[in-house]
Amino acid sequence: MKIMTTTSELRKELSKLERPVGFVPTMGYLHEGHLSLVDKAREDCVAVVVSIFANPSQFAPDEDLENYPRDIDRDVELLENAGVDLVWIPTVEVMYPEGYQTWIDVDQLSKLLEGTFRPTHFRGVATVVSKLFNAVGPDKAYFGQKDAQQAAVIQRMVRDLNFPIEIIICPIVREPDGVAMSSRNTYLDQEERLAARCLSRGLFLARDAYLNGERRAEIIKKIVSDEVEFEELAQLQYVSCADPNTLEELENQIQDCLVSMAVFVGRTRLIDNIILGK
Ligand code: PAF
């Protein structure tokens with residue numbers, strides 16, 4: 001497995017790879033969720049490239065960029081064992097050289113849901129992902145359904161900007177107790193980790209209700225919020241029932257629906273979601 005930091009090294013090594021090339025962009029501190037993306041890329045493609053870059057532009061000044069967990073040695077070992085061909089670990093200077101001023105804004109989708117609370121987040125994501133796509137030039141790129149809105153934003157961006165890349169969205173990987181895998185779970189202490197189960201518990205109860213015929217958006221959302229409110233260490237920021245494609249909030253009777261939520265467990269902000277109906 002080759003490890004690179006500069007774009008010129010990357011370009012040289014990329015030219016030696018056979019196609020199709022699968023690409024998994026990450027911010028590091030890898031877990032089973034990331035590795036499931038790598039496995040899928042391995043299945044679909046001849047070569048697999050992974051990037052590790054904690055992208056400053058998708059964090060607001062009061063967010064956790066400084067404390068974002070990092071362990072490059074462990075990440076590299078995991079990727080080596082997973083059969084990755086190239087790992088690209090660019091520096092901030094490589095990605096955002098002095099004077100940097102070009103941004104990608106996926107206008108409508110970025111404002112909804114997460115965008116209400118993190119107004120600059122998706123501009124940072126869309127910009128860095130398009131730069132990574134330009135540098136790596138993959139045939140397919142893999143993202144997790146855990147970041148449902150990110151997946152929608154990137155799919156829209158790829159269509160709008162004619163990136164010749166197939167975007168593959170892979171299922172959420174959960175711990176045995178239902179908690180969605182996330183690098184941020186590492187911030188939770190023991191009690192908070194137990195409390196974090198309220199997110200998936202709420203979503204699974206909503207799915208049960210949907211399977212039993214419940215179609216009222218307000219009731220689905222109440223099932224989720226009741227489960228969070230019952231948990232002392234958890235504070236619901238939002239729960240939404242939205243159209244899975246447009247992310248517009250659904251009123252009254254739902255058919256296909258993305259139920260998504262953000263919850264503070266202690267000081268850690270967690271997100272989770274489930275798709276009903278599809
Ligand atoms: O999902 C992530 O880890 C990040 O948002 C991504 C796609 C690597 C862009 O920084």
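Predicted model, so just to flag it, every value in this text is computed and none were measured. (Residues numbered from 1 in each chain as written. Predicted model: local features only at pLDDT ≥ 70, side-chain atom pairs only at ≥ 80, totals over all residues. Heavy atoms only, no water.)

Before going further, it helps to spend a moment on the site of the ligand. In the vicinity of the ligand, the contacting residues are Pro-25, Thr-26, Met-27, Asn-55, Gln-58, Val-128, Val-129, Phe-143, Asp-147 and Gln-150. In the environment of the ligand, an oxygen atom lies 2.6 Å from a nitrogen or oxygen atom belonging to the side chain of Gln-58. Contact distances for the ligand include 2.6 Å between an oxygen atom and a side-chain N or O atom of Gln-150. Considering only residue class, the shell around the ligand consists of five nonpolar, four polar and one charged. (Near = heavy atom within 4 Å. Polar contact = N/O pair within 3.5 Å; in protein donor to acceptor, adjacent residues only side chain to side chain. Nonpolar A, V, L, I, M, F, W, Y, C, P; charged D, E, K, R; others polar.)

Core analysis: the largest hydrophobic core is formed by 40 residues, its most contacted members being Val-49, Val-129, Phe-133, Ile-154 and Ile-167. Looking at this core, the elements that each hand over two or more residues are helix 1 (7-14), strand 2 (21-26), strand 3 (47-52), strand 4 (86-88), helix 6 (121-136), strand 5 (140-144), helix 7 (148-160) and strand 8 (257-265). Examining the composition of this core, we find that eight residues originate from one element, helix 6, more than from any other. Ignoring anything within four residues of it in the chain, the contact list for Ile-154 reads Val-125, Val-129, Phe-133, Phe-143 and Ile-167. Among the nonpolar cores identified, the runner-up in size contains 26 residues, and Ala-196, Leu-199, Met-261 and Val-263 belong to it. (Core = buried A, V, L, I, M, F, W, Y, C linked by side-chain atoms within 4.5 Å. Buried < 20%, exposed > 50% of the residue type's maximum accessible area, 1.4 Å probe, protein only. Helix = DSSP H or I, 4+ residues; strand = E, 2+ residues; numbered from the N terminus. Contact = heavy atoms within 4.5 Å.)

Through backbone hydrogen bonds, the strands of a sheet pair up, either in parallel or in antiparallel fashion. Taken in spatial order, the six strands of this open sheet run 1-4-3-2-5-6, and their pairing is parallel. Each edge of the open sheet carries a strand with a single partner, namely strand 1 (2-4) and strand 6 (166-170). Adjacent strand axes in the sheet meet at a mean angle of 25° when their direction is disregarded. Inspection of the sheet shows strand 3 paired to strand 4 by three bridges, in the parallel sense. From the neighbouring strand, Val-49 faces strand 4, where its bridge partner is Leu-86. In this fold helix 3 (residues 72-81) packs onto strand 1, strand 3 and strand 4, with an angle of close to 170° to the strand it touches most, strand 3. Against the sheet, helix 6 engages strand 2, strand 3, strand 4, strand 5 and strand 6, with an angle of about 145° to strand 2. (Pairing = 2+ DSSP bridges. Axes fitted to C-alpha atoms, helices over the stretch in contact; angles between N-to-C directions.)

Let us look at the sheet that holds strand 7 (residues 234-242). A sheet is described by the order of its strands in space; here three strands give the open sequence 7-8-9, paired in antiparallel fashion. Two strands in the sheet have a free side with no partner beyond their single neighbour: strand 7 and strand 9 (268-276). The sheet shows a mean angle of 15° between the axes of neighbouring strands, direction not considered. In this sheet, strand 8 lies alongside strand 7 in antiparallel orientation, the contact comprising eight bridges. Residue pairing for strand 8: Gln-235 is matched across the bridge by Phe-264. Sitting on the sheet, helix 9 (residues 197-211) is in contact with strand 7, strand 8 and strand 9, with an inclination near 15° to strand 9. Lying over the sheet, helix 10 (residues 217-229) contacts strand 7, strand 8 and strand 9, oriented at roughly 160° with respect to strand 7.

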